[in-house]
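Now for the letters of each chain:
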Amino acid sequence: MPTQRLPELPDTVLRLIEKVSGRVVDVKTINAGLNSTIAARVHTLDRTLFVKGLPLDHPRVWTQQREAQIAPCVRSVAPQLLWHIEEEGWSLLGFEYVEGGHADFTPDSPDVPAVMASMIRLTDVPPPAALELKDMPHRLRAYVDDPADLAWFAGSSLLHTEWNPHNLLVSDGNALLVDWGWASTGAAWIDPALWLLWLIAHGHTPAQAENAAAAHPAWRSAPRAGLDALARVQHRLWNSIAAESTDDWAKPMQHAAHTWATHRGKDPLN
């Protein structure tokens, strides 16, 4: 379920921000995205921050902690994390503010190659040794008929996995990845495969989306059987999400997953 966004920052949160960044002179809440109780552009006397936060008793507060842990490793493809606070009932992350917009995934958008360029740069980032990330076989285990299919998804690459365009900020032709709460390890071809579903949902044909994904070096070695297995898994997964979610992107993603599974030559399963 979406997390209710607060329309303004509580006094406690303002006090915590000022504790680490100095006096706050202006705050503008940001409406995009639904996973944070707090999301705001915060102006202090000498800089602008993006602040996101959840109450410490929120069931998804672990995503805040995961982002704080992984941030030092992904500076080449993500906004810089300046601080992480867990005090007075709040988990808060303060990032450098990036002036830009969310990615446009429609066909012929110049953002598509920019996103791919960042995805390729991510392949040079090793998973943090001190951080235990979930692996893709574990995450997808509930959506396979044959457990042997999970072996296709195993690997040691650091994956972002959440390619919603709201998780990409495009500034001066460069795409930065945000919201790392679901970072995982797995086969390197999984990220471009998950991304292509979002391309289909935004107007690409399956062939066009796969052609865009093929710009990723790992796609060249992606096993056909593994891609087919992932297409089946994603169709089941998005059926499950769409059955429970009221988010406006759930149904288009369910349709995109169905479309890709059909394109892969498989009968999608209900």
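Numbers given for residues are sequential positions, taken from 1 along each chain in its written order. This being a predicted model, a pLDDT of at least 70 is required before a residue's local features are given, and a value of 80 or more before pairs of side-chain atoms are given or counted; all residues contribute to the totals for chains, interfaces and linings. Hydrogens and water are ignored here; the side-chain numbers use all heavy atoms of the structure.

Draft legend 1. Focus on the nonpolar core. In terms of nonpolar packing, the biggest core is built from 58 residues, with Val115, Phe153, Trp163, Trp180, Trp189, Trp195 and Trp260 touching the most fellow members. Mapped onto this core, the elements with two or more residues apiece are α3 (111–122), β7 (157–159), β8 (168–171), β9 (174–177), α5 (190–201), α6 (206–213), α7 (224–244) and α8 (250–263). Two residues form a contact once any of their heavy atoms are found within 4.5 Å. Once you skip the residues sitting within four places of it in the chain, Val115 turns out to touch Ala103, Phe105, Trp163, Leu168, Ala175 and Trp195. Counting 14 residues, the second-largest nonpolar core is a separate cluster that includes Leu9, Val24, Ile85 and Trp90. The term nonpolar core refers to a set of buried residues drawn from Ala, Val, Leu, Ile, Met, Phe, Trp, Tyr and Cys, joined through side-chain atoms within 4.5 Å. Here's how the labels work: a residue is buried when its accessible area is under 20% of the maximum for its type, exposed when over 50%, partly exposed in between, all with a 1.4 Å probe on protein chains only. We count a stretch as a helix when DSSP gives it H or I for four or more residues in a row; a strand needs E for two or more, and each element gets its number in order from the N terminus.

Draft legend 2. Spatial organisation of the packing of aromatic side chains. By convention, a stacked pair of Phe, Tyr or Trp rings (six-membered ring in the case of Trp) has centres within 6.5 Å and planes under 30 degrees apart, an edge-to-face pair has planes over 60 apart, and any other such pair is tilted. Counted by the stated rule, this structure contains 7 aromatic pairs. Between Trp62 and Trp182, the ring centres sit 5.0 Å apart and the planes meet at 85°, which makes this aromatic pair edge-to-face. In this pair, Trp62 is assigned in helix α2 (residues 61–70) and Trp182 in the loop between β9 and β10 (184–186), connecting sequence segments 120 residues apart. With relative accessibility at 31%, the residue Trp62 sits in the partly exposed group. Take Trp182: its relative accessible area is 35%, and that puts it in the partly exposed class. Plain terms: the ring middles of Phe105 and Trp195 are 6.3 Å apart, the flat faces sit at 85° to each other, and that makes the pair edge-to-face. Residue Phe105 is located in the loop between β6 (101–102) and α3, and its partner Trp195 is located in helix α5; the two are separated by 90 residues in the primary sequence.

Draft legend 3. A look at the confidence of the model for the chain. Note: pLDDT gives the predictor's confidence per residue, expressed from 0 to 100. Averaged over every residue, the pLDDT of the chain is 92; residues scoring 70 or more account for 94%. Note on residues 1–5: pLDDT is under 50 here. Beyond four places in sequence and across chains, it has 25 contacts.

Draft legend 4. Focus on the environment of Asn164. Tracing the backbone shows Asn164 in the loop between β7 and β8. It is 25 Å that separates the C-alpha atoms of Asn164 and Gly265, two residues lying 101 residues apart in sequence. Those residues in contact with Asn164 that lie beyond four places of it in its chain are Phe105, Trp198 and Trp249.

Draft legend 5. Structural detail: the sheet that holds β8. Strands were regarded as paired on the criterion that DSSP finds at least two bridges between them. With antiparallel pairing, 3 strands are arranged side by side in an open sheet as β6-β8-β9. Of all strands in the sheet, those bounded by a partner on one side alone are β6 and β9. Across 2 bridges, the pairing between β6 and β8 is antiparallel. What sits directly across from Gly101, in β8, is Val170. The axes used here are C-alpha line fits, helices contributing only the stretch in contact, and every angle between their N-to-C directions lies in the interval 0 to 180 degrees. Of the strands in this sheet, β6, β8 and β9 are in contact with α3, which crosses β9 at around 55°.

Draft legend 6. Spotlight on the side chain of His204. Turning to its location among the elements, His204 is positioned in the loop between α5 and α6. Setting aside its immediate chain neighbours within four residues, His204 contacts Phe105, Thr106, Pro107, Val112, Leu199 and Ala209.

Draft legend 7. A look at empty space enclosed by the protein. Cavity and pocket criteria rest on a 1 Å grid covering protein atoms alone: a 1.4 Å probe that fits but cannot get out defines a cavity, protein on both sides within 12 Å along at least 5 of 7 lines defines an open pocket, and an atom within 4 Å of a point defines a lining residue. Grid points are joined across faces, edges and corners, and a volume is the space filled by probe spheres set on the points. Applying the stated rule across the entire model yields 1 cavity of 30 Å³ or more. Approximately 30 Å³ is the volume found for the largest cavity. Lining the largest cavity we find Trp62, Arg66, Lys134, Arg139, Gly181, Trp182, Ala183 and Ser184. Three residue categories are used. Nonpolar comprises Ala, Val, Leu, Ile, Met, Phe, Trp, Tyr, Cys and Pro, charged comprises Asp, Glu, Lys and Arg, and polar comprises the others, including Gly. Here the residues of the lining of the largest cavity are counted per class, giving 3 nonpolar, 2 polar and 3 charged.

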